[in-house]
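# Secondary and tertiary structure notes
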Amino acid sequence: MFLSIIKFFQGFVCVRLSGYAPERFFNLCSNRNILIWNLERNGDAYEFCISVRAFLELRPILRKTKTRLVILRRFGFPFWMHRYRKRKIFFGGILLFLGLLFLMSQFIWNIEINGNSYITDETILSYLEERHLAFGTPKKEIDSSKLEEDLRIAFDDVIWTSVKINGTKMTIDLQENIKNSERERPNDGKAYDIVADKDAVIDSIITRQGTPKVAEKATVKKGDILVCGRLDILGDGGEVMDYQYCVSDADIMGITTYPYEDSFSMTYEKKNPTGNIKKQYAARLFQYYLPLPSFQNNYKYFDKYTSEYQIHICSDFYLPLFFEVNRYEEYVPQQEKYKENEAKELAGIHLSTYLEKLREKDIQILEKNVMIDIDEKNCRASGTITVKEKIGSYAPTEVLEVPEPPADEGINTQ
Amino acid sequence: MGKSSKRPLKKQFVETLELPRDLFFGSVIITVTGREEVIVENYKGILEYTRESIRLQTKNCKLFLSGKNLKIVYYTNDEMKITGFLEQITYEP
């Protein structure tokens, strides 16, 4: 296989040899290291293939052996070039194609984002668009390490990023911080209290730094100080001598309630597919659509599904050329009404997705008290959900004047 | 005298040291695969070639191959490949 490719590019000829001493001709050829292949006896003559370069060296051998050569066929790239030498536009087309391919390969035509679960692809893509680093950006304008850093800065939850460019495809791998409920401890040298960020009943409080102001089972309102960042230094008599300030640190679990409200209409539109399907094909280059003209959509009600395929060479060389298949599925709309058990089930599904979302935020659900109310038109679910969660947020500590030392100065003078 | 005693000595030498015979005696190597393919190494030249027979000169003897539709796929200075339907291989003095 490899050998035949070389033979093709060097060019070779098939010739017919006849004359006085053909055997001597072959022996001279092998002595001079001239390769001959596909040698065949055909009547009185011999037919064989020989490379173009070797063919040009044959003249002295032919004279010596008194043989004659007739060229039967020519093969290979040099002959092919010669035959089509006048087709200037064809060669121009090849050059244009190579040029375009080279030009196209200088841009990003495909962006793959992996590892994101909270942040959607669209969010990241629109961020890239803002930075003018999206689809169609010249590759040399993208500084991978800078983009990695910028992504981490722009999205707080992203803790690790990697930007790779392979061919015309940009791959962004990222890692999200799963525990994003953790509050950040301020670190600016000032003192901070922990205050309640919602009404709650304290379930447990473990203070590491600061003065706890509430005990377990205490009911707090939003804004109440839970842990104070000010430490009182007491004298022997129990009076305040001085204050020390710190950034409070505590784990406080509170029992809170969330209101739950959900309602949906009892009637809905059911789609009965008629089974009629029409397909439309289209091509897209950048944003220019080239739909096939013979298409007519005469369905009144239909669902449209679009599948888009991007043309790529190998796995990483994407081109800005897309093929689209639009599928139209006809249906007949029908007004339907939920039955009571169906409505209850649906309300239950809504509720459990809501609870699941709470659980994802590290909130422990203690009790749910939801009533489902069904009337002619609507299904309503309402109630409260009691949960146990981490509460408290930071607020600056009020700095107080140190009280005047009492008249008795016996202790202070040392 | 010198010539007759020299030959067995070389033969003895090659046999004792188990040296490859094709290098020291220039013996022909024939690799036959089924009835369709023969590779001949260490030959000196082609004496005769038709569709039915090929006669080759080697260092020590002549080699005669006969068959049908014999074709030389390639041949270089030291190796040739013959395909076709092979009927016999004969050594001639």
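The structure we're discussing is the one just above.
Cut-offs used in this document
Residues numbered from 1 in each chain as written. Chains lettered and ligands numbered in written order. Predicted model: local features only at pLDDT ≥ 70, side-chain atom pairs only at ≥ 80, totals over all residues. Heavy atoms only, no water. Helix = DSSP H or I, 4+ residues; strand = E, 2+ residues; numbered from the N terminus. Rg over C-alpha atoms; globule rule 2.2 N^0.38 Å. Contact = heavy atoms within 4.5 Å. Areas by Shrake-Rupley, 256 points an atom, 1.4 Å probe, with all protein chains shown as cover. Lys, Arg positive; Asp, Glu negative; His and termini not counted. Charge placed at Lys NZ, Arg CZ, Asp CG, Glu CD. Buried < 20%, exposed > 50% of the residue type's maximum accessible area, 1.4 Å probe, protein only. Core = buried A, V, L, I, M, F, W, Y, C linked by side-chain atoms within 4.5 Å. Pairing = 2+ DSSP bridges. Axes fitted to C-alpha atoms, helices over the stretch in contact; angles between N-to-C directions. Patch = residues over 30% accessible without salt bridge, like charges linked within 9 Å, V, L, I, M, F, W, Y side chains within 5 Å. Salt bridge = Lys/Arg side-chain N within 4 Å of Asp/Glu carboxyl O. Arc of directions from axis to C-beta.

### Topic: the overall build of chain A
- Looking only at helices and strands, chain A has nine helices and 22 strands in total.
- Its C-alpha atoms give chain A a radius of gyration of 42 Å, more than 25% over the compact-globule value 22 Å for 414 residues.
- Considered along the principal axes of its C-alpha atoms, chain A spans approximately 140 × 80 × 35 Å.
- Contacts in chain A between residues far apart in sequence, at least 24 positions, make up 66% of those at least 6 positions apart.
- When the accessible surface of chain A is summed, it comes to about 27,100 Å², and 53% of that surface belongs to carbon and sulfur atoms.
- For chain A, the centre of its 55 positive side-chain charges and the centre of its 60 negative side-chain charges are spaced 24 Å apart.

### Some details on the overall build of chain B
- Along its length, chain B carries two helices and six strands.
- Here the C-alpha radius of gyration of chain B, 15 Å, is well above what a compact globule of 93 residues would show, namely 12 Å.
- In chain B, buried positions account for 30% of the 93 residues.
- For chain B, restricting intrachain contacts to residue pairs at least 6 apart in sequence, the fraction spanning at least 24 positions comes to 38%.
- Measuring between centres, the 15 positive side-chain charges of chain B sit 7 Å from its 12 negative side-chain charges.

### Examining unusual backbone geometry
- Here Lys217 of chain A, not a glycine, exhibits a phi torsion of approximately 75 degrees, which is positive.
- One non-glycine residue, Asn69 of chain B, adopts positive backbone phi at about 55 degrees.
- Of note, Asn69 of chain B is situated in strand E5 (residues 62–75).

### Some details on the side chain of Ser30 of chain A
- Within the secondary structure, Ser30 of chain A sits in helix H2 (residues 22–31).
- Those residues in contact with Ser30 of chain A that lie beyond four places of it in its chain are Tyr75, Thr76 and Asn77 of chain B.

### Focus on the nonpolar core
- Core analysis: the largest hydrophobic core is formed by 33 residues, its most contacted members being Phe25 and Phe26 of chain A together with Tyr75 of chain B.
- Among the elements that line this core, the one with the most residues is E5 of chain B, at five residues.
- The residues touching Phe25 of chain A, leaving out its near neighbours within four places in the chain, are Leu17, Ile36, Phe48, Leu58, Ile61, Leu62, Thr65 and Thr67 of chain A.
- By size, the runner-up hydrophobic cluster in this structure holds 18 residues, among which are Leu147, Leu151, Ile172 and Leu174 of chain A.

### Overview of the sheet that holds strand E15 (residues 249–265) of chain A
All names here are of chain A.
- Pairing is antiparallel across the open sheet formed by five strands, whose spatial order is E11-E9-E15-E21-E20. Whereas interior strands pair on both sides, the edge strands pair on one side only; in this sheet they are strand E11 (219–220) and strand E20 (364–374).
- Bridge count for E15 against strand E21 (residues 378–390) is 13 bridges, and the pairing is antiparallel. Directly across from Asp262, in E21, lies its bridge partner Ala381.
- With respect to the sheet, helix H9 (residues 340–360) is in contact with E15, E20 and E21, its orientation differing from that of E15 by roughly 155 degrees.

### Looking at the pairing of strand E7 (residues 169–176) of chain A
- Extensive coverage of E7 of chain A is indicated by the burial of seven of its eight residues.
- In this structure, the hairpin formed by strand E6 (residues 158–166) of chain A and E7 of chain A is closed by a connection of two residues, where Gly167 of chain A is found at a positive phi of approximately 60 degrees.

### A word on a nonpolar patch on the surface
Residues and elements named next belong to chain A.
- Taken together, the side chains of Met1, Ile5, Phe8, Phe9, Phe77 and Met81 make up a nonpolar region of the molecular surface, amounting to roughly 610 Å² of accessible area.
- Of all the secondary-structure elements, those providing two or more residues to the nonpolar patch are helix H1 (2–10) and helix H5 (77–83).
- The biggest single contributor to the nonpolar patch is H1, with three residues.
- Tracing the sequence through the fold places Phe8 in helix H1.

### Some remarks on the sheet that holds strand E19 (residues 317–337) of chain A
All names here are of chain A.
- With antiparallel pairing, four strands are arranged side by side in an open sheet as E17-E16-E19-E18. Because the sheet does not close on itself, it has two edges, and the strands there are strand E17 (288–291) and strand E18 (302–313). Strand-to-strand twist across the sheet, computed as the mean angle between neighbouring axes with direction ignored, equals 35 degrees.
- Bridge analysis of strand E16 (residues 267–285) against E17 gives four bridges, and the strand direction is antiparallel.

### Some words on helix H8 (residues 144–154) of chain A
Residue and element names in this part refer to chain A.
- Taken as a whole, H8 has its buried residues at Leu147, Glu148, Asp150 and Leu151. For H8, the buried positions fall inside an angular range of 170 degrees around the axis, keeping them on one side.
- Contacts from the buried residues of H8 go to helix H7 (121–130), E6 and E7.

Honestly, it's all geometry; don't read function into it.
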